[in-house]
Amino acid sequence: MKKILLIGLLVTLAAACSSTPKLEDYTNNPDGMWQEGKKLSEKGEKLIGKGENTLEDAREELREGEKLIQSGTDAIIRARQDYQNEATLIGNSSTPQEVEFEADKLNSIGERWEDAINDIKKGNAMVAKSKKLQTKAQEQVSEGRQLVEKGAGFIRNSQRLRLNVPLLPDSQ
C-alpha cells in the first residue's frame, strides 16, 4: 500500500513539475511573471537553435544521400555498359586460362554493379533519415517559437500588472 501511495505521489509531483505555467499562477506576482517569461523565452530560443542545428544536419544528410544515389546510378550505368562490351567479346577463348580471365572480368563487373546498388540503397536510407530529421527540426523550431511567444506574453503582462492595466489573454 505504501508503494502505491508513493508512486501516486511521485506521478502527481512529476505532472505538476512538467506542466506549463499559466498567467493565473502569477496573478499578484509581476516579478515572478517576468522571471517566468524570461525563462520561457530563453528555453524557446535554445530550442529554436537546436532545431536549426538539427535542420542543418538534415540538409547535410540529404546532400550526402543524393550524392550517393547519383554516384551509384552512374556506377550502374558504367557497369552495365562494361558488361555489354565484355559480353560481345566472350566466347572466343581457346584455353581454360582465357575462360578464367573472362569469368574474372565478368565477376569484377558484377561486384561493381552490386556495390552501386548498395550505394543507392544507402543513399535512399540517408534521404529517408534526412526527412525524419527535418520533421523533428521543424517541430523543435515551432515549439521553441511558441515558448518564446508565451515568454514574451508573460513579460508584457508583468508590465501590465505593474501598471494596473488588464492582462492580455494567455495564449497556449
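Use the structure listed above.
Residues numbered from 1 in each chain as written. Predicted model: local features only at pLDDT ≥ 70, side-chain atom pairs only at ≥ 80, totals over all residues. Heavy atoms only, no water.

## As for the side chain of Glu61
- Turning to its location among the elements, Glu61 is positioned in helix α2 (residues 30–89).
- In this structure Glu61 is buried but unpaired, with Lys129 as the nearest side chain of opposite charge at 4.2 Å. (Helix = DSSP H or I, 4+ residues; strand = E, 2+ residues; numbered from the N terminus. Buried < 20%, exposed > 50% of the residue type's maximum accessible area, 1.4 Å probe, protein only. Lys, Arg positive; Asp, Glu negative; His and termini not counted. Salt bridge = Lys/Arg side-chain N within 4 Å of Asp/Glu carboxyl O.)

## Re the environment of Asn124
- Locating Asn124 in the fold gives a position in helix α3 (residues 96–162).
- Exposure remark for Asn124: the relative accessible area of 43% places this residue in the partly exposed category.
- The spatial distance from the C-alpha of Asn124 to the C-alpha of Leu62 is 9.2 Å, given a sequence separation of 62 residues.

## With respect to the nonpolar core
- Among the nonpolar cores identified, the biggest contains six residues, and these are Met33, Leu40, Leu47, Leu147, Phe154 and Leu161.
- Of all elements in the fold, only α2 and α3 reach the threshold of two or more residues within this core. (Core = buried A, V, L, I, M, F, W, Y, C linked by side-chain atoms within 4.5 Å.)

## Digging into the packing of α2 against α3
- Following both chains from N to C, one finds α2 and α3 inclined at 165 degrees, their axes separated by 4 Å at the closest point. By the angle class used here, α2 and α3 are roughly antiparallel. Crossing handedness for the pair α2 and α3: left-handed.
- When its residues are assigned to classes, the contact of α2 with α3 shows 33 nonpolar, 18 polar and 24 charged. (Axes fitted to C-alpha atoms, helices over the stretch in contact; angles between N-to-C directions. Parallel < 35°, antiparallel > 145°, perpendicular 65-115°, else oblique. Left-handed = near helix turned anticlockwise from the far one by under 90°. Nonpolar A, V, L, I, M, F, W, Y, C, P; charged D, E, K, R; others polar.)

## Some thoughts on α3
- With 67 residues, α3 extends 98 Å between its outermost C-alpha atoms, agreeing within 8% with the 99 Å of an ideal straight helix rising 1.5 Å per residue.
- After α3 finishes, the residue Asn164 shows a positive phi value of roughly 60 degrees. (Expected span 1.5 Å × (residues − 1).)

## A look at the pattern of salt bridges
- Overall, the coordinates contain seven salt bridges when judged by the stated rule.
- Arg162 is paired through a salt bridge with Asp31; the nearest N and O atoms lie 2.3 Å apart. Here Arg162 is found in helix α3, whereas its partner Asp31 is found in helix α2, with 131 residues between them in sequence.
- Arg63 is the partner of Glu56 in a salt bridge, and the nearest nitrogen-oxygen pair spans 3.2 Å.
- A network of salt bridges, in which partner residues are shared, links Glu56, Glu60 and Arg63.

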